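Below are the chains, spelled out letter by letter.
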Amino acid sequence: GVYVSSGAVFSDSVVSNNTCTGSGGGLYADGSLDLSRCLVAGNRSTGPGGGLYACAKVNVTGCTFADNAASNGGGVQFTNAEGSRIGFSQLVGNSATSYGGGIGIQDAAVSVSDCLIQKNTASYRGGGIDGYGASGSTVDRCVIDSNSASSEGGGVISDNVKVRNCLVVSNR
């Protein structure tokens, strides 16, 4: 995959079929990253962040995260990535062996808007979105559809996240 140590911009790119034994199968953002109109698909990580692991501020616009897998945050994992944003993106068919099939948020306020979060799975909780220590995070104008978790929160499970103007349907 790709490791970003300081400011980087990726646009109109494909990041696919990468594997790592750690965090960030497709992309690991340890520094600021702007990602636009990208396809991030088929990546695998034994740790968090199958498609993208962000521990710095990341802005994602118009991207598709599909069929990625990780322990947490199958599509995208935000950890201490305060102020990160993901918008106008699709997270479809991602999986996590623990939590956050589509998106995992840990110890950060993150904005998720105008996204399709569909058919993601988590073996424990938060099939679509899982937030832990995600106070101040917002989910606006998203479709959260047909996600599943074995234990809790097929669609969304979180502490103190504001979900507004979303369609949350057929999750289990």
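This is a predicted model, so every value here is computed, not measured.

How each quantity is defined
Residues numbered from 1 in each chain as written. Predicted model: local features only at pLDDT ≥ 70, side-chain atom pairs only at ≥ 80, totals over all residues. Heavy atoms only, no water. Salt bridge = Lys/Arg side-chain N within 4 Å of Asp/Glu carboxyl O. Helix = DSSP H or I, 4+ residues; strand = E, 2+ residues; numbered from the N terminus. Buried < 20%, exposed > 50% of the residue type's maximum accessible area, 1.4 Å probe, protein only. Phe/Tyr/Trp six-rings, centres within 6.5 Å; stacked < 30°, edge-to-face > 60°. Pairing = 2+ DSSP bridges. Axes fitted to C-alpha atoms, helices over the stretch in contact; angles between N-to-C directions. Disulfide = S-S within 2.5 Å.

Once that is clear, we can look at the pattern of salt bridges. Following the criterion strictly, the structure yields four salt bridges and no others. One salt bridge connects Asp 114 with Arg 141, and the closest N-O pair in it is separated by 3.0 Å. Note that Asp 114 is positioned in the loop between β18 (111-113) and β19 (116-118) and Arg 141 in the loop between β22 (138-140) and β23 (143-145), a separation of 27 residues in sequence. For Asp 114, a relative accessible area of 21% puts it in the partly exposed group.

On to the packing of aromatic side chains, then. Following the criterion strictly, the structure yields two aromatic pairs and no others. Each ring, one from Tyr 28 and one from Tyr 53, has its centre 5.0 Å from the other, and the planes form 50 degrees; the classification is tilted. One end of the pair, Tyr 28, is in strand β5 (residues 27-29); the other, Tyr 53, is in strand β9 (residues 52-54), with 25 residues separating them in the sequence. Judged by relative accessible area, Tyr 28 falls into the partly exposed class, the value being 22%. According to the relative accessible area criterion, Tyr 53 is buried, its value standing at 10%.

What follows concerns the sheet that holds strand β2 (residues 8-11). As summarised here, the arrangement of the seven strands in space is β2-β6-β10-β14-β18-β22-β26, forming an open sheet in which the pairing is parallel. Each having just a single partner strand, β2 and β26 (162-164) make up the two edges of the open sheet. The average undirected angle you get between the axes of adjacent strands in this sheet is 5 degrees.

This brings us to the state of the cysteines. Tallied over the entire structure, the rule returns zero disulfides. No disulfide involves Cys 38; its nearest neighbouring cysteine sulfur is the one of Cys 63, lying 4.6 Å away.

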